[in-house]
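A look at the structure
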Amino acid sequence: MRLRRVILAVVVAGVLVAVGGLAWAWRPAIAPTSANQTISDRKTIDRGAELAAIGNCSDCHTRDAGVPYAGGRALPTPFGTIYASNLTPDLATGIGSWSEEAFRRAMHEGVDREGRQLYPAFPYDHFTKATDEDIHALYSFLMSIPAIRNVIPANQLSFPFSFRPIIAGWKVLFLSQASLENDTSKSAAWNRGRYLVEGLGHCGSCHTPRNALGGEKKGSLYAGGAAEGWNAPPLTASPFTTHHWTIDQLAEYLSTGWHKLHGAAAGPMADVAKNLGQASKDDVNAIATYIASLTQPDNKTAVITDNFAKNQPANVVAIYTGACAKCHNDRNDVGPSKALSLSLSTAVQQGDPANTVRVILHGIQSYRTGGGPYMPAFDAILTDAQIADITQYIRSRYTNQPQWADIKTEIIKARQEAQP
Amino acid sequence: MTISLKINGKSQDVDVDPSTPLLYVLRNDVGLHGPRFGCGLGQCGACTVHIDGRPTFSCILPIAAVGNREITTLEGLLEDGKPNKLQQAFIDEEAAQCGYCISGMVMRAQALLRTKPNPTDNEIRNYMRPNLCRCGTHTAIMRAIKRAAIA
């Protein structure tokens, strides 16, 4: 099976290089600029900062506890590890020698200043939709931040993925540069939202499933994908959502990381929410307008499920009561941790326990400065067996869905991911 | 329900409801007042103890979940009845203002020094992040941890 996959990968790669080579592989270098580009238009720089927040740029381009935008974060992919580049205007190790033309080409075509193909971990399949005006603002912002010298480690990819020209073939299949046509039957906010969601926001990078070659399945737009081990839930109609998200609910959730009927943005989505908190209200409302339009409004209201009477082992109930129920108290009062009834949690409704297990292990720590939702990490408080029991208990008490299989495997996986 | 615990190297039986948080048992039934009740929600760290050497919020650890894991409290760090090196460093640096968080701070810092005997400032800051101090004695706490690390 493994061998067949490798052979398939090599054959596919070969064909892609052959086809893609013609159209994409060769791109000339763009002459380096010798001095940093200084752009002093404060309004443009501020706009660029907002767009960078919507694009979530700093999440990938910042190492843990590192300087924002100085790069070096390891991004695990199915094909190996890619290190995010340094976006500060350092001449030697950042993008200080990049002209705006070179930056625009990277965003639109996925090619660096020297003409090398960039891996699509950098989501230029979305950024290609960004207007020249927005790219100018982003470029102005990046050139305005302090230059940090930070040498980025070489990528660790296996052959054939280590051979950059094959990316040209990937682009033939998965990079569509067609710009978005205005849909006059929809509101301005919807059109703006679609532009941000499809473009800089690159929501589909996580929320659309990917095929074996790492391309987004265009037939399953926003049907749910994966992000760093977490499930990125479907944004389209979904059995996991107990009730429809309205535009206002989405806007509040996206800009604060929390909504009282839907819960907290945890895992990688917490970073997105923190960034969208920096974006303009109009843009967040536009994003919410577009995303809300992906599902049909229903008249369902949030219903609290509580199958408390079910037979459960006494020790699991005791652990749930002492460890979880102080915050998840099923009353209307969410308390300082902003904990909801778990029957409202999307994570608990999902088909597999990936998100529930990860929230229990790692907690929700992202909003400690600023007063958002909080949950302590239980990785050292409870044992793996206890976490597995609690996970299953929550599932059967707070949903009417079938029990989860393989919770223990998921816990082991989540613990391994968390190793530095 | 009678539950047997291993606290600071000794076995102890307690008779409590199994959902009772370890913190309450330590303070009310065992008489160890090192760990403090701050928020009761695992937010502040004043209740930090070690469970098998790892710093843990005891206010959200139900007694039923402790099992036969080793519990160490602030009192368990004493050596021959005297403050250990880290505890003495906190005293010498006058790291306490109101002092409410300090027991938890010492417990977390001790766990750090056990795995990283000579941590950098950044490593200390990152590791100590779960524990909060409202008085703002962070710089004195930093000095105390570094003093114990070098000493």
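Residues numbered from 1 in each chain as written. Chains lettered and ligands numbered in written order. Predicted model: local features only at pLDDT ≥ 70, side-chain atom pairs only at ≥ 80, totals over all residues.

1. Some details on the domain arrangement of chain A
Reports often express the size of an interface as the amount of accessible area lost when the parts come together. All names here are of chain A. For chain A, the domain assignment lists domain 1 (15-174), domain 2 (188-292) and domain 3 (314-417). Computed from C-alpha atoms alone, the centre-to-centre distance between domain 2 and domain 3 is 22 Å. Each partner contributes residues to the interface: domain 2 has 20 residues there, and domain 3 has 21 residues. Elements represented by at least two residues in the side of domain 2 that touches domain 3 include exactly strand 5 (230-232), strand 7 (263-264) and helix 11 (268-276). No other element matches helix 11, which puts three residues into the side of domain 2 that touches domain 3. Within the side of domain 2 that touches domain 3, the residues separate by chemical class into eight nonpolar, nine polar and three charged. (Domains from an automatic or database assignment. Contact = placed C-beta atoms within 7 Å. Helix = DSSP H or I, 4+ residues; strand = E, 2+ residues; numbered from the N terminus. Nonpolar A, V, L, I, M, F, W, Y, C, P; charged D, E, K, R; others polar.)

2. Focus: the domain arrangement of chain B
Residue and element names in this part refer to chain B. According to the domain assignment, chain B contains domain 1 (2-76) and domain 2 (85-150). Across the contact, 15 residues belong to domain 1 and twelve residues belong to domain 2. Among the elements of the structure, strand 3 (48-51) and strand 4 (54-57) are those that each provide at least two residues to the side of domain 1 that touches domain 2. Here the side of domain 1 that touches domain 2 gets three residues from one element, more than from any other, and that element is strand 3. Classifying every residue of the side of domain 1 that touches domain 2 by side-chain character gives seven nonpolar, six polar and two charged.

3. Quick notes on the interface of chain A and chain B
Each partner contributes to the interface: chain A provides 17 residues, whereas chain B provides 19 residues. Looking at the side of chain A that touches chain B element by element, the count peaks at six residues for helix 13 (residues 314-323) of chain A. Taken together, the residues that form the side of chain A that touches chain B break down as eleven nonpolar, five polar and one charged.

4. Structural notes on the nonpolar core
With 129 residues, the main nonpolar core has L250, L254, I287, A288, A323 and I387 of chain A as its most contacted residues. Look past the residues within four positions of L250 of chain A in its chain and what remains in contact with it is W245, A288, I291 and A292 of chain A. (Core = buried A, V, L, I, M, F, W, Y, C linked by C-beta atoms within 7 Å. Buried ≥ 20, exposed ≤ 12 C-beta atoms within 10 Å, placed from the backbone.)

5. Things to note about the sheet that holds strand 2 (residues 80-83) of chain A
Spatially, three strands are ordered 1-2-3 (chain A) in an open sheet, and the strand pairing comes out antiparallel. Across the chains shown, the open sheet's two edge strands, defined by having one partner strand only, are strand 1 (74-77) and strand 3 (156-157) of chain A. (Pairing = 2+ DSSP bridges.)

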